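Each chain is listed here by its residues.
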Amino acid sequence: MSDAHNNDDHGGELEPVEPIADPGLPEHTWRPTDVDPAKEKRAERQVAGFFGLSAICTFLFLVAYFTLDIGDNWHVIAGFGASTMALGASLGFALLFIGVGIIHWARKLMADHEMVEMRHSARSADEDRETTLQALNDGLEESGIGRRPLIRNSLLGATGLLGLPAIVLLRDLGPLPGDKLEHTIWGQGTKDKPMRIVRDGIWTPILASDLEIGDLVNAQPDALKNPERYGIDPIEVEGIPLQVHKSKASLVLLRMNPDDITPGKDAKGNSRENWDVEGIVAYSKICTHVGCPISLNERTTHHLLCPCHQSTFDLADSGKVVFGPAGRPLPQLPISVDAEGYLVAQSDFDEPVGPTYWERDYYDRW
Amino acid sequence: MTAGDMTKVATTNGTTPSAPAKGANKAGAIANWADERLGLGTTMKKNLRKVFPDHWSFMLGEIALWSFVVVLLTGVFLTLWFDPSMTEVHYDGSYDPLRGVEMSSAMASTLDISFDVRGGLLMRQMHHWAAHIFIASMMIHMLRVYLTGAFRKPRELNWVIGCLLLLLGTIEGFTGYSLPDDLLSGTGVRAADGFMKASPVVGTYMSFFLFGGEFPGDAIIPRFYVMHILLIPGILLALIVAHMLLLVYHKHTQWAGPGRTEQNVVGYPMLPVYAAKAGGFFFIVFGTIALLGGLFSLNPVWKYGPYDPSKVTAGSQPDWYMGWPDGLLRIIPAWETHIFGINFSWNVMLPILVAPPLLLMVLIALPFLEAWITGDKREHHLLQRPRDVPTRTAIMVALMTFYGLSWAAGGNDIIAIKMHLSINQITYFLRGAVFIGPVIAFMITRRWCISLQRHDEGKLLHGYESGVLVRSPDGGYAEKHLPLAEGTAYTLTARDRDLTPETVEEIEASGLAGRQVRLRKLRAKLQEKFYSDNVQKPTAEELHDAQHHAEHELHELESQIENGPNRHGPTPGH
Ligand code: HEM
Ligand code: FES
């Protein structure tokens, strides 16, 4: 059968093994513990010994639990706490000793005769298959499902329609995107109060003269701490809304020699030459790849690197991608100074920030 | 079933029915009570003494099973304190560097578990270690099953279940990793948001629906929580039960050897030896995880701080099992297509939305592909050595190479720093290597397997190399070969001969036409390739002749030893 050419017939039993006849199971050999009562007793004591050691470890666990402090002691012993270490070690050994004991018992003392069991094909017997098939046919016949297509099809159709409620019910999982991804809070500055750019963390406004060439500053819109100044309800910049704003509005400022800047074009095709203030440029901190905050600055080249997948952007050249998987330049924020000399945004970004999405370019109203 | 000779087994087992003790009576009464209600006698008749074969590699699946149990136990403990809410609170627990800092309740409760619940940090770290071990052991178990051919009929469905377990385990790991809402996991969730947005047509909607609005919103942690502690564990548990039931129904595969055939299964009975070994092993896995959890810190979220969309830790990396798509994401060129105001982000879609599902499909399809190519529809219960099916082994090594290179790409920044290479060079190299590497690995593996087969054949036909060199009177040297022990020789030959592919003439003579013929020709060609250059085991005749010849040679050598200058040479057994 092995050389049968008709491959469709390769069901059924396997050929008997050749060329060497099966010598059969090797003879069983007795273990020392089977024949020597002293060894047997010793193994028995060893097993019980393991269980005893386990009990001691469990006791140590309890002692550690009630005596070792956690709380402010979290840093003792290599920075992660005496309690954790003692509990882990005692629990670990308590469990291991039980495991080792049981396996030792099985190896040394339980019968070690191998047994032989015959296999059966997964397939049921022909007779059973026939009976089952018959039952199935009888049942289907009696239901008349084959003879009454009208019933069958209308049932299928009606049940299928029930998928719709299942999908529709999920509608309220979240609001529709609308134009939320197109706007950031930078756009909420007004003519007389343009949105100030403040240092992230300490929230102080920035004078152009504060930055030296080569300085990189993480910045945020002033409205996140001073909403009233821009006529924004404070509720809108607290808690979750604050996180939402930050995930779009985060900014990096970099001061470079103004001559190094190659001004690009904005979304409408106009030059970006007035988007910087004396060599200070502002770019979105949110990577256009999948949205990590960009953080690493190569001082000599004006290149900014995203730590997630190493996309590198050239801030002297419209945020162009010079390396890595990101498909679009970093959006640039046009900036100027207000009456008091602080850096402010001229307007919102002129394109959506953050990761690319399907309908992103569709918004040509920028 | 043979019960075997038990006469000498340690008396502690009480093999002879001793005078019924009190305990036994009670046990009998309970068994009777249960049987009269559940009919356990019939169901348990076969199963209590069901035979399980033994081999170290059969333990890999057990590690996965037991680490899943540990993950369930520790996970339930964590739920008692964990608060899956994104409401911002001021942390006021014991960890002073973060006291007063604003963070989500999820993060604050994770810190409470770590610093204000005794044993809490241990449980968190055990949970995370067990999760790593769960996923790693599933992967290695899967390699074992594939490389030994244990996936063949009738076990294909268990292979499919195994693939789904791996998928679900990975998703479960990702949702769990995201729960503490720390800076590192938040960065991962942000990336997931970017992946979703890259999906064609519905991307933004998916993102807004999942996050309950704009990223990050306040819904993602509670929703991940439900998936993490209810939905996915429920499915995992159901699949694991199905996996085990099928295992029992099919009976375990075994390695060929004297007395171990396709028709039987040889090993220890479930009760007591197998149950004791498996049960003992549970404690070993559990204990090891407890030691790891106590002694090796993992995911110290307090060092990363709470999630803030404007911050990131350098060297951000997902848990290792998410590393390979992340690697592809890093090395793919910046392909995006912008037409008609829509955007195709190939740079995200290909590595994240296409490659992992594709690899999963390939994995699921492997058994069916092989069976189609070989046309083998027989049941198989004896395992195969990887070398005996070179093409299959080579396919898996190729896939492993692809996986490994993609995974390495996920650490390209670390490799660049550690090895002082430029990240650009590494990226360009890996772009080529993920395609060429697997091909080279495939070819080397196939050849290697075939040469191992030749080596086996040599041992069968000419005996094994005894290491004894003999010098003949005319000055030449020969190595003394000794015949293999009968059991060893039998084991080497206890494998199938490869099936012979159909020939073109046969297919044409079959009278079929059109698509069917083309398909059969394709199959015949693939089959030819699949088996080509394999070494078949010798026939009885070949073996006989060769042994005869070898005996003759051995005789010669031995007489030389007797007479010649070799008399001092070691000749064991003389
Ligand atoms: C295969 C199954 C599972 C895997 C792979 C898994 C994985 C993880 C991981 C990696 C974490 C992050 C731990 C950390 O903070 O370092 C986690 C957290 C958590 N898991 Fe699971 N888990 C699993 C099953 C479960 C189950 C069944 C439950 C509960 C019934 C559970 C409850 C939790 C809870 C409450 C947390 C958050 C607590 C914290 O992070 O401190 N997990 N899980
Ligand atoms: S998120 Fe910045 S490179 Fe991927």
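Residues numbered from 1 in each chain as written. Chains lettered and ligands numbered in written order. Predicted model: local features only at pLDDT ≥ 70, side-chain atom pairs only at ≥ 80, totals over all residues. Heavy atoms only, no water.

Participant: Help me out: how do you make sense of the overall build of chain B in this one?
Facilitator: The helix and strand inventory of chain B stands at 20 helices and 8 strands. Going through the 574 residues of chain B one by one, you find that 51% of them count as buried. Counted over contacts in chain B with a minimum sequence separation of 6, partners at least 24 positions apart contribute 75%. Charge-centre separation for chain B: the mean point of 48 positive side chains lies 4 Å from the mean point of 51 negative side chains. (Helix = DSSP H or I, 4+ residues; strand = E, 2+ residues; numbered from the N terminus. Buried < 20%, exposed > 50% of the residue type's maximum accessible area, 1.4 Å probe, protein only. Contact = heavy atoms within 4.5 Å. Lys, Arg positive; Asp, Glu negative; His and termini not counted. Charge placed at Lys NZ, Arg CZ, Asp CG, Glu CD.)

Participant: Help me out: how do you make sense of the interface of chain A and chain B in this one?
Facilitator: Put simply, an interface is often sized by how much accessible area is lost when its parts join up. Between chain A and chain B, the residue contacts involve 112 residues of the former and 147 residues of the latter. The contact between chain A and chain B buries some 11,500 Å² in all, and 62% of this surface belongs to carbon and sulfur atoms. The three residues of chain A that bury the most area against chain B are Met115, Arg119 and Trp358 of chain A, which together make up 9% of that side's buried surface. Where chain A packs against chain B, one counts 5 salt bridges. For Glu117 of chain A, the salt bridge identified is with Lys50 of chain B, shortest N-O distance 4.0 Å. Counting every contact that joins chain A to chain B gives 29 residue pairs in polar contact (both at pLDDT 80 or more). Of all the secondary-structure elements, those providing two or more residues to the side of chain A that touches chain B are helix H1 (32-35), helix H2 (37-67), helix H3 (82-108), strand S1 (115-118) and helix H7 (239-249) of chain A. Tallying contributions element by element places H3 of chain A first for the side of chain A that touches chain B, with 17 residues. (Buried area = accessible area lost by both parts, 1.4 Å probe. Salt bridge = Lys/Arg side-chain N within 4 Å of Asp/Glu carboxyl O. Polar contact = N/O pair within 3.5 Å; in protein donor to acceptor, adjacent residues only side chain to side chain.)

Participant: I would appreciate a short explanation of unusual backbone geometry in the present structure.
Facilitator: Of all residues except glycine, most have a negative phi; of all peptide bonds, most are trans. Residue and element names in this part refer to chain B. Residue Lys153 is joined to Pro154 through a cis peptide bond whose omega torsion reads 5°. Turning to its location among the elements, Pro154 is positioned in the loop between helix H5 (120-147) and helix H6 (156-178). The residue after Phe215, namely Pro216, is reached through a cis peptide bond having omega -5°. Along the chain, the position of Pro216 falls in the loop between helix H8 (203-211) and helix H9 (220-250). Positive phi outside glycine occurs at Asp181, with the angle close to 60°. Residue Asp181 is classed as buried on the basis of its relative accessible area, which comes to 12%. A positive phi is found at Asn299, a non-glycine position, where the angle reads about 50°.

Participant: Before we go on, may I ask you to explain the pairing of strand S4 (residues 251-255) of chain A in this structure?
Facilitator: Looking down a regular strand, the side chains alternate between one sheet face and the other. All names here are of chain A. Counting buried residues in S4 gives 5 out of 5 residues, a clear majority hidden from the surface. Alternating positions in S4 separate into two faces, Leu251, Leu253 and Arg255 on one and Val252 and Leu254 on the other, with burial throughout. As judged from the 5 bridges shared by S4 and strand S5 (residues 280-284), these two strands associate in the antiparallel manner. By the bridge assignment for S5, Arg255 is matched with Ile280. (Pairing = 2+ DSSP bridges.)

Participant: Mind showing me how you'd approach the pattern of salt bridges here?
Facilitator: When their charged atoms lie close together, side chains carrying opposite charge are able to pair. Residue and element names in this part refer to chain A. Enumeration according to the criterion identifies 33 salt bridges over all chains in this entry. Asp34 is the partner of Arg31 in a salt bridge, and the nearest nitrogen-oxygen pair spans 3.1 Å. By relative accessible area, which is 7% here, Asp34 ends up buried. Between Lys320 and Asp317 there is a salt bridge; the shortest N-O distance is 3.1 Å. It is possible to trace a salt-bridge network through shared partners that takes in Arg31, Asp34 and Asp112.

Participant: Would you explain the layout of surface pockets in this entry?
Facilitator: One simple way to see leftover space: roll a probe sized like a water molecule over the atoms. Taken as a whole, the largest pocket holds about 1,600 Å³ of empty space. Lining the largest pocket are 47 residues; nearest its centre among them are Thr170, Tyr321, Met322, Pro325 and Pro356 of chain B. When grouped by side-chain class, the residues that make up the lining of the largest pocket number 38 nonpolar, 8 polar and 1 charged. Empty space within the second largest pocket amounts to approximately 1,200 Å³. Lining of the second largest pocket is provided by 48 residues; of these, Phe58, Glu62, Met244, Leu247 and Tyr274 of chain B occupy positions nearest its centre. Mapped by element, the contributors of at least two residues to the lining of the second largest pocket are H3 of chain A together with helix H2 (40-47), helix H3 (59-79), H5, H6, H9 and helix H10 (270-295) of chain B. With 8 residues, the top contributor of residues to the lining of the second largest pocket is H9 of chain B. Split by residue class, the lining of the second largest pocket holds 31 nonpolar, 10 polar and 7 charged. (1 Å grid on protein atoms, 1.4 Å probe; cavity = no way out; pocket = protein on both sides within 12 Å on 5 of 7 lines; lining within 4 Å. Points joined across faces, edges and corners; volume = space filled by probe spheres on them. Nonpolar A, V, L, I, M, F, W, Y, C, P; charged D, E, K, R; others polar.)

Participant: Mind showing me how you'd approach the packing of aromatic side chains here?
Facilitator: Think of a pair of aromatic rings as described by two things: how far the centres are apart, and how the planes are tilted against each other in angle. For the structure shown, the criterion picks out 24 aromatic pairs over all chains. Aromatic side chains Trp358 of chain A and Phe344 of chain B sit 5.1 Å apart centroid to centroid with 75° between the ring planes, which places their arrangement in the edge-to-face category. Of this pair, Trp358 of chain A sits in the segment after strand S12 (343-345) while Phe344 of chain B sits in strand S6 (residues 342-344), placing the two residues on different chains. The same class applies to Trp358 of chain A and to Phe344 of chain B, which are both buried. (Phe/Tyr/Trp six-rings, centres within 6.5 Å; stacked < 30°, edge-to-face > 60°.)

Read these as spatial facts, not as claims about activity.
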